[in-house]
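Per-entry structural report
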Amino acid sequence: MPELPEVHAHAERLADQFAGRVLVRFRPLKFTALRTALPAPDEAYGQPLLGVGRRGKYILLEFESVQFAVHLMQGGRLLVDEKQSAKPRGGQARFVFDDGPALLLTEQGTERRAGVWCLPHDSAFDSPPLDVLGPDADTVTADQMAELFAMKNQRIHGFLRDQRSIAGIGRRMSNEICHRARISPFAMTGRLGRDGAAKVVDAIRATIDECLSYERTRTDMSSSKDRPSDVHTRTGDPCPVCGDEIRAVEYSGYTVNYCATCQTGGKVLADNTTSRFLR
Ligand SMILES: [Zn+2]
């Protein structure tokens, strides 16, 4: 799934191409694509696109009266749409502008989880689904992180992936951040303290910087196999820091990758707290 750096760079590209263009029409191509009833998208008709922002993993198309929040989920893409064909492959919704290409939300696969939320401009961040998001990963401070750690004691890997604690991080960056911070993915947040919070924040910033630098070299959004990683999806490879083997703990939907030498004092992790029968 695209995470903060991929979404951020994509928002920058879209802003370059679409800012100032006047919205003529928003058209859901699947009835499930628009997740809100009010305000109506037509409130933005005739208004220029002011900018393209981001909150967590959401892309924000900003107009004077409303902001459209777009979530790509796993297989969604927001594409420059030159053709505007009647039945585009995987087409979910289309933003049509006064001239030039449209913006087309597509989603491949059968999950149908990508979507568009039309939110009042001034209270967009206080409206669902943005209202539950934690602070953005690229701006959270060590003090904020220490407070968040103290509020809920859970495994750091799960904490980082939970958009309600920190917004913008997913499975890949959680693996990378824990490795970079030299913290076990199973470390409990309640025990990391202020020093642990500072380490995690430094690792988040460095990971975002690396991924964003790569993503900005591209003209379109990367696919997951192209994105930089030291441990994510590298099970069995040597750790680029110490040479030990990258290990994995497998879950039904994702894999936790880590280096035992760098992160757990050599301890091999096994998951004893969840069962596939209980999930
Ligand atoms: Zn290592």
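Here we summarise the structure given alongside this text. All values reported here derive from a predicted model rather than from experimental measurement.

For the rest of this paragraph, the subject is the overall build of the protein chain. Scanning the protein chain from terminus to terminus reveals six helices and ten strands. By the compact-globule yardstick of 19 Å for 279 residues, the protein chain fits well, its C-alpha radius of gyration being 20 Å. Along the first, second and third principal axes, the C-alpha atoms of the protein chain reach 60 × 40 × 35 Å. Sorting the 279 residues of the protein chain into buried and exposed places 51% on the buried side. Taking the intrachain contacts of the protein chain between residues at least 6 apart in sequence as the baseline, contacts between residues at least 24 apart amount to 63%. Within the protein chain, the 36 negative side-chain charges are centred at a point lying 7 Å from the centre of the 37 positive side-chain charges.

The protein atoms that coordinate the zinc ion are C239 (SG), C242 (SG), C259 (SG) and C262 (SG), at distances spanning 2.2 to 2.4 Å. Every donor counted, the four donor atoms about the zinc ion form angles of 96 to 113° at the centre, which fits tetrahedral coordination. Motif for the zinc ion, donor spacing along one chain: C-x2-C-x16-C-x2-C. Here C262 lies in helix α6 (residues 260–263) and C242 lies in the loop between α5 (193–215) and β9 (246–250), a separation of 20 residues in the sequence. Its relative accessible area of 36% is what places C242 among the partly exposed residues. In this structure C262 comes out as buried when scored by relative accessible area, which is 10%.

One open sheet holds the four strands; their spatial order is β2-β3-β4-β8, and the pairing between them is antiparallel. A strand with exactly one partner marks an edge of an open sheet, and here the two such strands are β2 (51–55) and β8 (115–120). Taking the axes of each pair of neighbouring strands and ignoring which way they run, one obtains an average angle of 25° across the sheet. In this sheet, β8 lies alongside strand β4 (residues 66–71) in antiparallel orientation, the contact comprising six bridges. The residue bridging V66 from the neighbouring strand is P120, located in β8. Sitting on the sheet, helix α1 (residues 4–18) touches β2 and β3 (58–62), and the angle it makes with β2 is about 170°.

All right, on to the nonpolar core then. With 26 residues, the main nonpolar core has I59, L61, F68, V70, L78 and F95 as its most contacted residues. Contributing elements (two or more residues each) for this core: α1, β1 (23–28), β3, β4, β6 (91–97), β7 (102–107) and β8. Ranked by the residues each element gives to this core, the list is headed by α1, at four residues. Apart from residues lying up to four places away in sequence, L61 is in contact with L49, G51, V52, V66, Q67, F68, V70, F95 and L103. Of all hydrophobic cores here, the second largest spans 24 residues; its members include I166, I183, A197 and V200.

This brings us to the packing of α1 against α5. Packing of α1 against α5 brings their axes to within 8 Å, and their N-to-C directions diverge by 40°. Looking at the two axes, α1 sits oblique to α5. Crossing geometry of α1 relative to α5 is assigned as right-handed. Judged by residue contacts, L4, P5, E6, H8, A9 and R13 of α1 engage I208, C211, L212 and E215 from α5. In terms of residue class, the contact of α1 with α5 is built from six nonpolar, one polar and three charged.

Below, the discussion takes up the pattern of salt bridges. Scanning the model with the defined rule gives 16 salt bridges in all. The salt bridge partner of R180 is E210, with a shortest N-O separation of 3.0 Å. Of this pair, R180 sits in helix α4 (residues 171–181) while E210 sits in helix α5, and the two are 30 residues apart along the sequence. Using a relative accessible area of 34% as the deciding quantity, one classes R180 as partly exposed.

The subject of this paragraph is the environment of D126. Note that D126 resides in the loop between β8 and α2 (142–151). Between the C-alpha atoms of D126 and D244, which are 118 residues apart in sequence, the distance is 46 Å.

Two strands pair when backbone bridges link them, and β9 and strand β10 (residues 255–259) are joined in this way by five bridges, in the antiparallel orientation. Among the inter-strand pairings, V249 is bridged to a residue of β10, identified as V256. Hairpin remark: β9 followed by β10, antiparallel, with four residues in the connecting loop.

Basis of the calculations
Residues numbered from 1 in each chain as written. Predicted model: local features only at pLDDT ≥ 70, side-chain atom pairs only at ≥ 80, totals over all residues. Heavy atoms only, no water. Helix = DSSP H or I, 4+ residues; strand = E, 2+ residues; numbered from the N terminus. Rg over C-alpha atoms; globule rule 2.2 N^0.38 Å. Buried < 20%, exposed > 50% of the residue type's maximum accessible area, 1.4 Å probe, protein only. Contact = heavy atoms within 4.5 Å. Lys, Arg positive; Asp, Glu negative; His and termini not counted. Charge placed at Lys NZ, Arg CZ, Asp CG, Glu CD. Donors = N, O, S within 2.8 Å, 3.2 Å for Na, K, Ca; no water. Tetrahedral: all angles 85-135°; square planar, octahedral: opposite > 155°, others 65-115°. Pairing = 2+ DSSP bridges. Axes fitted to C-alpha atoms, helices over the stretch in contact; angles between N-to-C directions. Core = buried A, V, L, I, M, F, W, Y, C linked by side-chain atoms within 4.5 Å. Parallel < 35°, antiparallel > 145°, perpendicular 65-115°, else oblique. Left-handed = near helix turned anticlockwise from the far one by under 90°. Nonpolar A, V, L, I, M, F, W, Y, C, P; charged D, E, K, R; others polar. Salt bridge = Lys/Arg side-chain N within 4 Å of Asp/Glu carboxyl O.

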